[in-house]
Amino acid sequence: SLLVISDDTYALAMIFLLCLMNPFDFLLSYLSGFSLAGKRFGLFNRINLFPKLIQLSIILVLLGFFRLNVTAVLAALFCSKILTLVLTFRSTGLPWPDLRFRQIPSGLVFLLLKYGIMYALAFFVTRLNYRVDILILKRLTEISEVGYYSLGVNMAETIWQLPTAVGLVLMTHS
């Protein structure tokens, strides 16, 4: 979305890493649904909170202490997605996906694409809606201030998840 609206140039590695993160976000969202459907609310909260904590710690360490560039931080965030996915599979007890190539029925592929594209479009529009403020601020102020704002918003969103998680547990047990 930033590439279409903005006239800035971004490194190809940054764009590639950002595109690689989306399937992991989709899969983590899907796996968190399993834990929610099974009334495993503690696991649901860990699946949603754990990636944020890993990302925050990676950002603080790599940018704060080592002064690495944004591409290195994105690579580390991509690794955190993989780590979170592995831990999520282990904690949910779901079987690991079989990565061997087999003949897949075409009807199943069409059905999965039909529902997957709808979910992906809804997810994209939702994410764009949540981040339109960053696009506006980018035009009005310096990029470093937009970065500080973005980090602050991400931390605030993470803190806002705590009362939601407690409310979810209280509402389902009452």
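The structure under discussion appears in the preceding block.
The structure reproduced in this document is the subject of the present report. Since this is a predicted model, take the numbers as computed values, not measurements. (Residues numbered from 1 in each chain as written. Predicted model: local features only at pLDDT ≥ 70, side-chain atom pairs only at ≥ 80, totals over all residues. Heavy atoms only, no water.)

1. Digging into the overall build of the protein chain
Heads up, the rule is: Each helix is a run of DSSP H or I of at least 4 residues and each strand a run of E of at least 2, with the numbering of both proceeding from the N terminus. Between two residues, a contact is recorded if the distance between any of their heavy atoms is within 4.5 Å. Shrake-Rupley sampling with a 1.4 Å probe provides the accessible areas, and residues are treated as covered by the protein chains on show and by no other component.
Scanning the protein chain from terminus to terminus reveals six helices and zero strands. Each helix and strand of the protein chain, ordered N terminal to C terminal, gives the series α-α-α-α-α-α. A separation threshold of at least 6 residues defines the contact pool for the protein chain, and within that pool the share at least 24 residues apart is 67%. A total accessible area of about 12500 Å² is found for the protein chain, and carbon and sulfur atoms account for 72% of it.

2. Structural notes on the pattern of salt bridges
The condition is simple: Basic side-chain nitrogens of Lys or Arg form a salt bridge, by our definition, when they fall within 4 Å of a carboxyl oxygen of Asp or Glu. Any residue under 20% of the maximum accessible area for its type is buried, any over 50% is exposed, and the rest in between are partly exposed; the area is computed with a 1.4 Å probe on protein chains only.
Counted by the stated rule, this structure contains one salt bridge. The residue D25 makes a salt bridge to K81 at a minimum N-O spacing of 2.5 Å. With D25 in helix α2 (residues 12-37) and K81 in helix α4 (residues 70-92), the pair connects residues that are 56 residues apart, well separated along the chain. Owing to a relative accessible area of 8%, K81 belongs among the buried residues under this scheme.

3. Observations concerning the environment of R40
Mapped onto the elements of the fold, R40 is located in the loop between α2 and α3 (41-65). For R40, a relative accessible area of 38% gives the class partly exposed. For the pair R40 and V169, spaced 129 residues apart in the sequence, the C-alpha separation amounts to 9.6 Å. Apart from the residues lying within four places of it in its own chain, the contact partners of R40 are S35, S91 and T92.

4. Points about the packing of aromatic side chains
The description of two aromatic rings rests on the distance between their centres and on the angle between their planes. The line we're drawing: Stacked, tilted and edge-to-face are the three classes assigned to paired rings of Phe, Tyr and Trp, where Trp is represented by its six-membered ring and a pair needs centres within 6.5 Å; plane angles under 30 degrees give stacked, over 60 edge-to-face, the rest tilted.
Per the counting criterion, the structure on display carries two aromatic pairs. Pairing F24 with F78 gives two aromatic rings, centres 5.3 Å apart and planes at 80°, and the pair type is edge-to-face. Within this pair, whereas F24 is found in helix α2, its partner F78 is found in helix α4, the two being separated by 54 residues in sequence. Owing to a relative accessible area of 16%, F78 belongs among the buried residues under this scheme.

5. A closer look at the packing of α2 against α4
What counts here: Axes here mean lines fitted to C-alpha atoms, for a helix over just the part in contact, with angles spanning 0 to 180 degrees between N-to-C directions. Roughly parallel covers angles under 35 degrees, roughly antiparallel covers those over 145, roughly perpendicular covers 65 to 115, and oblique covers all other angles. In this scheme the handedness of a crossing depends on how the near helix is turned from the far one: anticlockwise by less than a right angle means left-handed, clockwise means right-handed. When residues are sorted by character, Ala, Val, Leu, Ile, Met, Phe, Trp, Tyr, Cys and Pro go into the nonpolar class, Asp, Glu, Lys and Arg into the charged class, and all the rest, Gly among them, into the polar class.
With their axes 10 Å apart at the nearest point, α2 and α4 run at an angle of 20° to one another. With respect to their mutual orientation, α2 and α4 come out roughly parallel. In this structure, α2 crosses over α4, and the sense of that crossing is left-handed. Its residues placed into classes, the contact of α2 with α4 shows 18 nonpolar, four polar and two charged.

6. Some words on α2
For the record, the criterion: Between the first and last residue of a helix there are one fewer steps than residues, each counted as 1.5 Å, and that sum is the expected span.
In a regular helix each residue adds 1.5 Å, so 26 residues correspond to 38 Å; α2 covers 39 Å between its end C-alpha atoms and thus fits that length. Here α2 has its buried residues at M14, L17, M21, F24, D25, L28, L31, S32 and S35. The inward-facing, buried residues of α2 contact α3, α4 and α5 (106-140). K39 occupies a position one or two residues after α2 and carries a positive phi of about 55°.

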